[in-house]
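Next come the chains, spelled out residue by residue.
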Amino acid sequence: QSVLTQPPSASGTPGQRVTISCSGSSSNIGNKNVNWYQQLPGMAPKLLIYNDNQRPSGVPDRFSGSRSGTSASLAISGLQSEDEADYYCAVWDISLSGRLFGGGTKLTVL
Amino acid sequence: EVQLVESGGGLVKPGGSLRLSCAASGFTFSDYSMNWVRQAPGKGLEWVSSISSSSNYIFYADSVKGRFTISRDNAKNSLFLQMNSLRSEDTAVYYCASERYVEGFDPWGQGTLVTVSS
């Protein structure tokens, strides 16, 4: 069981907007920036969002991130079939002196 | 092209050792912290270890502390993970990743599979 809590699954239809939550504590999300990763089936993870809400070059602006208190969210607008993947939040934990990953959310595009 | 390539994975018996390598190209390796992240079959991502650009700061997950050692050779653009006293629960695909963004891991290697089994 991960210290960072994500819903195990999420779904949406093409064109819809979906959000994925990531809940932590004051020793991680409450005081550190959150990153989000996308892992397509059989592939290595890819950085989607860094520093809470910044997108690396090449990541479409359909993907956005936010952080408030001890929670963070990833939003995907204009959902596309190729967005079907596992999504992970990640953050440094001050108490553990280590990086944490959420348990992952499997996104299904219906 | 920015790239990381892992090697050194394989089948090893419980209690055995293995050394993973990660070769970097296409970016200034010595400027960035590096990490190892693993993924057990069918499971999520687990951070294993990180090392700062000059090797001054090193951190480990509790699950590997005292058994794994991370190191780097900036002259050879290479990252290493020495894994000792391996257990079945260490079976996973091991990825190396650079922190080229603010604590964001990019790029990632393709991963190397470590299987610990008798």
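Everything numeric here is computed off the predicted structure, so don't read it as measured data.

Here is what the cut-offs are and how they apply
Residues numbered from 1 in each chain as written. Chains lettered and ligands numbered in written order. Predicted model: local features only at pLDDT ≥ 70, side-chain atom pairs only at ≥ 80, totals over all residues. Heavy atoms only, no water. Helix = DSSP H or I, 4+ residues; strand = E, 2+ residues; numbered from the N terminus. Rg over C-alpha atoms; globule rule 2.2 N^0.38 Å. Buried < 20%, exposed > 50% of the residue type's maximum accessible area, 1.4 Å probe, protein only. Contact = heavy atoms within 4.5 Å. Areas by Shrake-Rupley, 256 points an atom, 1.4 Å probe, with all protein chains shown as cover. Lys, Arg positive; Asp, Glu negative; His and termini not counted. Charge placed at Lys NZ, Arg CZ, Asp CG, Glu CD.

**Student:** Could you give me a rundown of the overall build of chain B, with the residues and numbers involved?
**Tutor:** Secondary structure assignment for chain B yields zero helices and 10 strands. In chain B, the order of α-helices and β-strands from amino to carboxyl end is β-β-β-β-β-β-β-β-β-β. Here the C-alpha atoms of chain B give a radius of gyration of 13 Å, agreeing with the 13 Å that 2.2 N^0.38 yields for 118 residues. Taking all 118 residues of chain B together, 47% fall into the buried category. Counted over contacts in chain B with a minimum sequence separation of 6, partners at least 24 positions apart contribute 53%. Accessible surface for chain B amounts to roughly 5,300 Å². Of this, 46% is attributable to carbon and sulfur atoms. Charge-centre separation for chain B: the mean point of 10 positive side chains lies 8 Å from the mean point of 11 negative side chains.

**Student:** Describe the overall build of chain A, naming the residues involved and giving the relevant values.
**Tutor:** For chain A, the count of helices and strands is zero helices and nine strands. Starting at the N terminus, the α and β elements of chain A follow one another as β-β-β-β-β-β-β-β-β. Its C-alpha radius of gyration of 13 Å places chain A within 12% of the 13 Å reference for a compact globule of 110 residues. For chain A, the spread of C-alpha atoms along the three principal axes comes to 40 × 30 × 25 Å. Across chain A, every contact between residues at least 6 apart in sequence was considered, and the portion connecting residues at least 24 apart equals 58%. Carbon and sulfur atoms form 45% of the exposed surface of chain A, whose accessible area is close to 4,900 Å². For chain A, the separation between the mean place of its 8 positive charges and that of its 7 negative charges on side chains is 6 Å.

Scope: geometric values only; no functional claims are made or implied.
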